[in-house]
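# Commentary on secondary and tertiary structure
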Amino acid sequence: ILQAQKERNTVSDEILLSGREGDLWILNHYTPVYNEENEYLGTQIISDDISNRKFAENAFYQSQQRLIESQEMAKIGWWEYDIDQNRFLISEGIYRQLDIPLDQDDFDHKYWKDFTHEKYLGFAQDQFQKIQETGSADFEIPLISKSGNIKWLWIKGEVDEDIRSGKKKILG
């Protein structure tokens, strides 16, 4: 309330109330109220029960954690290549397989060529071209991790096109 009054603006917070009946999450909005002379009259408080949203967020987070753990155990991961922007988005599983620092996030097609042994570079380029032309590909290729280890990866990819924008991505 004091923060809303000080900032002369609406301030919100989330509160967890625990009781015998279980947990209840409340989202409060505090809005200071002033008269025509700009004198503070009080604070309007609006509260919403957001328990279902918080429980859904927690379930989603738990599901994400289980997916990451299962990918780590299976030594698998996923990737997405934005053709128009020439950018890769990869999962933590791929980071780990190729010994890439988790804070590295600037991936383009040229960067991935650095992981490919020159003997297989033409093959890899042909496969990415095939994915774009036919809509899918399925191949194995050795990649060289950041630590110099050779990792054989099985790559499955398919083109996904956004109906509204027409933009294409390759998912694998």
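### Overview of unusual backbone geometry
Unusually for a residue other than glycine, Lys-75 sits at a positive phi of about 55°. By the element assignment, Lys-75 lies in the loop between α2 (51–74) and β4 (79–82). Taking relative accessible area as the criterion, Lys-75 reaches 64% and is therefore assigned exposed. If you check the backbone angles, Asn-86 has positive phi at about 55° while not being a glycine. Mapping Asn-86 onto the fold places it in the loop between β4 and β5 (87–90). A residue is classified by how much of its surface remains accessible, and Asn-86, at 28% relative accessible area, is partly exposed.

### Observations concerning the sheet that holds strand β8 (residues 168–171)
Taking strand neighbours across the sheet as the criterion, the 5 strands line up as β5-β4-β8-β7-β6 in an open arrangement whose pairing is antiparallel. Unpaired on one side and paired on the other, β5 and β6 (136–144) mark the two borders of the sheet. Direction aside, neighbouring strands of the sheet carry axes that sit 25° apart on average. Alignment of β4 against β5, held across 4 bridges, turns out to be antiparallel. Residue pairing for β5: Tyr-81 is matched across the bridge by Phe-88. Sitting on the sheet, helix α5 (residues 118–134) is in contact with β4, β5, β6, β7 (150–161) and β8, with an inclination near 155° to β6.

The rules behind each value
Residues numbered from 1 in each chain as written. Predicted model: local features only at pLDDT ≥ 70, side-chain atom pairs only at ≥ 80, totals over all residues. Heavy atoms only, no water. Helix = DSSP H or I, 4+ residues; strand = E, 2+ residues; numbered from the N terminus. Buried < 20%, exposed > 50% of the residue type's maximum accessible area, 1.4 Å probe, protein only. Pairing = 2+ DSSP bridges. Axes fitted to C-alpha atoms, helices over the stretch in contact; angles between N-to-C directions. Contact = heavy atoms within 4.5 Å.

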